[in-house]
Structure formats: C-alpha cells, structure tokens
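Here is how the chains run, residue by residue.
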Amino acid sequence: AQSVTQPDIHITVSEGASLELRCNYSYGATPYLFWYVQSPGQGLQLLLKYFSGDTLVQGIKGFEAEFKRSQSSFNLRKPSVHWSDAAEYFCAVGPVSGGSYIPTFGRGTSLIVHP
Amino acid sequence: KAGVTQTPRYLIKTRGQQVTLSCSPISGHRSVSWYQQTPGQGLQFLFEYFSETQRNKGNFPGRFSGRQFSNSRSEMNVSTLELGDSALYLCASSDPTGSMHTIYFGEGSWLTVV
C-alpha cells in the first residue's frame, strides 16, 4: 500500500531564510507526487506536481521540489521564505488506476515564520 | 475558470441531526471526491464520484453518503451526527480523462456538531 511520511510536524524559520520540507513516500511504481499548501481556514492549493521527466519541478510562489527515486523522497524547497508562507504543507502521492486518482496525503508540516 | 465551490462554508448542527453539504466542481471536471480533515486524523478520503456513480469509497460508516448529479455537482450527507463528525469537509474535482491527473480542492465546509 502506498504511504507518505512527512517527518516534521512543525518547522520554524526566520523570514528570508531558506526552507526545506521533507517528504518520503512508499509506492510500488513510478509515483505521481504533489505538494499542497493550506492556509488557516482554507482549502488546499496545489503548489507543484511531478509526473515524469525533469526531477526538479518548479511550482507557484517560488517553491520547487526535487524527486529522488533512490531516496523515495520529494522534498519541497524555497530559497527565501516570506511571512505569508506560514501555512500547513501537505505532500501527496497517488496512482492513476482506471481513471481514478485517489491520493494518499501525509499528515502535514506546519510552517511557522518568525519576523 | 471558476474553482471548486462548496456550500455552506460554516454550519453548526446538534448531535443526532443530519447535514447535507454541496460541491460544484470546476467546469468540465466529472470526478468529485470528498475528504474529511480533522486535527487528529488528518486528511481522510471519504468517497469519489464519476459520472453519477460512486467509484471509490473510504473507510467511513454508512452514515456518510454522497451522490453526484448529471451536471457533476455533488452532495454529501451525514446522518445521525456525532460530536466526532466535527471537521472540515473538503471537496475536490479532477478531470481523469486528461493527461494531468490533478485534483483541485474547494475551500471546505466547516461542520461543528454540538
């Protein structure tokens, strides 16, 4: 069965510092990988996705993620964090089977940004 | 293109009552899925509908049900509400026939059971 682990429940960074959020997955084939962000009281917004090809994926809001098959990881990075990046971040992995896409989500990492 | 729209955004119900939540998917999307989000359990998949048929179901009791209409709009219903049903209910839509299998979420419906 597929699974996603986000090892860090909370991460605190200073504004302007770099950020890396970790995501490890377990999946039997080539995964479809996603990062979503959820601001307080809101739904989930897609940041970026990886299906195939270049393992470094660019997303919105200056985020990027790198797929490393050998490490079963899909870590999210941002070179300089802004206070508005404070939110909950979810990594997800999903198959495409018979047209259905039911992703498995990690438990999320809460990002706290200090001024 | 309008996003996924969920109504109502906030509601308070009493134990034992039932509730119906509505979701309008992105235009052209025929797959609608529902998730429950709580601090303790995280995001949990409820069910998915495609072309008015339930295609996948998560591990929730029969009190949780849903349906999809011919225009792809979906509703979910929870009967005999329990305190533990208090959660953010998220609807997501996708176009599984396309090449980019991505789901897009609505802002959710906050349900409080008292």
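For the structure given in this document, a descriptive report is provided here. Predicted model only: the values in this text are computed from it and were never measured.

1. So, the nonpolar core
Here is step 1 of the chain: Core analysis: the largest hydrophobic core is formed by 26 residues, its most contacted members being Trp35, Leu48, Leu76 and Tyr89 of chain A.
Here is step 2 of the chain: Where this core is concerned, the elements lending two or more residues are β2 (10-14), β3 (19-21), β5 (32-38), β6 (44-50), β8 (64-68), β9 (73-78), β10 (87-94) and β12 (109-114) of chain A.
Here is step 3 of the chain: Here this core takes four residues from β10 of chain A, the largest share from any one element.
Here is step 4 of the chain: By size, the runner-up hydrophobic cluster in this structure holds 21 residues, among which are Val4, Leu11, Val19 and Ala87 of chain B.

2. Some words on the interface of chain A and chain B
Here is step 1 of the chain: Across the contact, 21 residues belong to chain A and 25 residues belong to chain B.
Here is step 2 of the chain: Per-residue buried area on chain A facing chain B is highest for Leu44, Ile102 and Arg107 of chain A; these three make up 24% of the total on that side.
Here is step 3 of the chain: Here chain A and chain B share zero salt bridges between them.
Here is step 4 of the chain: The tally of links between chain A and chain B comes to five residue pairs in polar contact (both at pLDDT 80 or more).
Here is step 5 of the chain: Listed by contribution, the elements that provide at least two residues to the side of chain A that touches chain B are β5 and β6 of chain A.
Here is step 6 of the chain: Here the side of chain A that touches chain B gets four residues from one element, more than from any other, and that element is β5 of chain A.
Here is step 7 of the chain: Its residues assigned to classes, the side of chain A that touches chain B comprises 12 nonpolar, seven polar and two charged.

Calculation notes
- Residues numbered from 1 in each chain as written.
- Chains lettered and ligands numbered in written order.
- Predicted model: local features only at pLDDT ≥ 70, side-chain atom pairs only at ≥ 80, totals over all residues.
- Heavy atoms only, no water.
- Core = buried A, V, L, I, M, F, W, Y, C linked by side-chain atoms within 4.5 Å.
- Buried < 20%, exposed > 50% of the residue type's maximum accessible area, 1.4 Å probe, protein only.
- Helix = DSSP H or I, 4+ residues; strand = E, 2+ residues; numbered from the N terminus.
- Contact = heavy atoms within 4.5 Å.
- Buried area = accessible area lost by both parts, 1.4 Å probe.
- Salt bridge = Lys/Arg side-chain N within 4 Å of Asp/Glu carboxyl O.
- Polar contact = N/O pair within 3.5 Å; in protein donor to acceptor, adjacent residues only side chain to side chain.
- Nonpolar A, V, L, I, M, F, W, Y, C, P; charged D, E, K, R; others polar.

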